[in-house]
Amino acid sequence: MSDAALPSKPETSTSRAGSSSNGRLKRLVEGDLFYSFRRSRLTMLAAAITALFFLAAIFAPLLSVQNPFDPAQLQLMNSRIAPLWTADGQSPFLLGTDEQGRDVLSAILYGLRISLVVGVLGVLVSGALGIALGLVAGYFGGAIDGLIMRVADVQLTFPAILIALLVDGIAKSVFGDRLDAASMLIVLVIAIGLSFWVQYARTVRGSVLVEKNKDYVAAARLIGLPAPVIMMRHVLPNTMGPVLVIATINLALAIITEATLSFLGSGMPDTMPSLGTLIRIGNNYLFSGEWWIVAFPGIALAALILSINLLGDWLREALNPKLR
């Protein structure tokens with residue numbers, strides 16, 4: 001019997017899944033988005049810096065010489081030590097110490113964790129709320145659309161920081177001294193989430209108004225699919241491009257908002273400081289000669305925000321052919 005007559009080996013589900021994954025990966029690597037990323041050295045540098053910050057936050061316990069959140073590891077005898085390369089520097093405090101004897105580098109790494117957690121969770125909350133409201137407003141229209149958009153218009157008249165301060169103030173007035181550091185982190189996430197949902201809602205609503213009149217939505221309605229399935233499975237994927245851009249830019253805004261709240265004394269406490277709290281603490285010693293207490297957290301925050309904003313600008317241009 002010839003080889004041509006032999007039955008072919010049936011393709012297993014595992015091989016099909018592997019080939020599908022390889023195909024998606026190949027399309028991603030060869031696509032316009034990755035090509036745009038590779039040809040921009042500034043974007044690659046921004047991505048590397050952002051990834052470095054996230055990795056530093058994740059591996060903070062391994063990179064730090066102490067846990068700045070643990071009072072048992074702090075010694076007042078080590079307070080206000082200058083950076084290591086100066087005449088008064090001491091090992092192992094590379095960037096010096098603050099007034100509580102905390103290693104500034106360790107405090108930055110752990111504070112970076114708090115800032116990134118609040119920023120990422122805040123973006124997720126605002127994105128989920130805004131996308132859901134935008135889908136409902138755009139798909140159903142009518143009175144529901146009018147109500148959601150009027151609420152959005154009213155909120156746009158107030159700066160996001162004022163909305164966050166309002167939510168923070170209400171939480172503190174209701175719970176008072178029962179708010180510990182972990183609870184304060186949740187309050188900040190909710191405050192930031194309620195401050196930035198409008199951009200998602202308006203953007204998704206505009207995209208849904210265009211998509212819901214297309215043939216594939218009419219076909220989905222014709223075969224009897226319920227509205228939630230049509231919105232989530234068919235309409236939402238076609239609106240995610242602008243949403244990704246907004247989420248990237250809002251991550252930087254969320255981190256800045258958290259830092260502002262903490263700097264004003266309405267954010268994370270001194271026992272679990274974020275980058276904003278560290279800047280507030282260091283600002284008290286800026287004119288007394290201990291410049292490193294505020295300088296290095298400020299530089300870290302500025303570098304993080306700049307790198308994320310550069311990624312957001314690149315993503316906006318890469319996903320919009322008119323801006324290329």
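Residues numbered from 1 in each chain as written. Predicted model: local features only at pLDDT ≥ 70, side-chain atom pairs only at ≥ 80, totals over all residues. Heavy atoms only, no water.

What about the packing of aromatic side chains?
Evaluation of the coordinates by the stated rule reveals six aromatic pairs. Each ring, one from Phe69 and one from Tyr110, has its centre 5.3 Å from the other, and the planes form 70°; the classification is edge-to-face. One end of the pair, Phe69, is in the loop between α4 (60–63) and α5 (104–140); the other, Tyr110, is in helix α5, and 41 residues separate them in sequence. On the basis of relative accessibility, which here comes to 22%, the residue Phe69 falls in the partly exposed class. Residues Trp291 and Trp292 carry aromatic rings whose centres are separated by 5.8 Å and whose planes lie at 85° to one another, so their mutual orientation is edge-to-face. Taken together, Trp85, Trp291, Trp292 and Phe296 form an aromatic cluster joined through their ring pairs. (Phe/Tyr/Trp six-rings, centres within 6.5 Å; stacked < 30°, edge-to-face > 60°. Helix = DSSP H or I, 4+ residues; strand = E, 2+ residues; numbered from the N terminus. Buried < 20%, exposed > 50% of the residue type's maximum accessible area, 1.4 Å probe, protein only.)

Some remarks on unusual backbone geometry
Note that the residue after Ser91, namely Pro92, is joined by a cis bond; omega there is 10°. Relative to the helices and strands, Pro92 resides in the loop between α4 and α5. Even without a glycine there, the phi angle at Arg80 is positive, about 55°. The topology assignment puts Arg80 in the loop between α4 and α5. By relative accessible area, Arg80 is classed as partly exposed at 40%.

Things to note about the packing of helix α3 (residues 41–58) against helix α14 (residues 292–319)
For the pair α3 and α14, the least separation of the axes is 8 Å and the interaxial angle reads 130°. Judged by the angle between their axes, α3 and α14 are oblique. Handedness of the α3/α14 crossing: left-handed. Contacts between α3 and α14 involve Leu42, Thr43, Ala46, Ala47, Ile49, Thr50 and Phe53 from the first element and Ala300, Ala303, Leu304, Ser307, Ile308, Leu310, Leu311 and Trp314 from the second. The class makeup of the residues in the contact of α3 with α14 is twelve nonpolar, three polar and no charged. (Axes fitted to C-alpha atoms, helices over the stretch in contact; angles between N-to-C directions. Parallel < 35°, antiparallel > 145°, perpendicular 65-115°, else oblique. Left-handed = near helix turned anticlockwise from the far one by under 90°. Contact = heavy atoms within 4.5 Å. Nonpolar A, V, L, I, M, F, W, Y, C, P; charged D, E, K, R; others polar.)

A word on helix α13 (residues 275–283)
Burial of α13 is extensive: seven of the nine residues sit out of reach of the surface. Those residues of α13 that fall on the buried side of the exposure criterion are Leu275, Gly276, Thr277, Leu278, Ile279, Ile281 and Gly282. Residues of α13 that are buried make contact with α5, α12 (240–263) and α14.

Overview of the packing of helix α6 (residues 142–156) against helix α9 (residues 197–211)
Look at α6 against α9: their axes get within 10 Å of each other, and the N-to-C directions meet at 140°. In terms of their interaxial angle, α6 and α9 are classed as oblique. Here α6 runs over α9; the crossing is left-handed. Mapping the contact onto sequence places Asp145, Ile148, Met149, Val151, Ala152, Asp153, Gln155 and Leu156 in α6 and Trp197, Val198, Ala201, Arg202 and Arg205 in α9. Broken down by class, the residue content of the contact of α6 with α9 amounts to eight nonpolar, one polar and four charged.

Some remarks on α6
Along its 15 residues, α6 runs 21 Å from first to last C-alpha, staying within 8% of the 21 Å computed at 1.5 Å per residue. The set of residues buried in α6 consists of Asp145, Ile148, Met149, Ala152 and Gln155. All buried residues of α6 lie within an arc of 115° about the axis, which places them on one face of the element. Opposite the buried face of α6, at more than 90 degrees from it, the exposed residues are Gly142, Ala143, Leu147 and Val154. Looking at the buried side of α6, the elements it contacts are α5, α7 (160–175), α8 (181–195) and α9. (Expected span 1.5 Å × (residues − 1). Arc of directions from axis to C-beta.)

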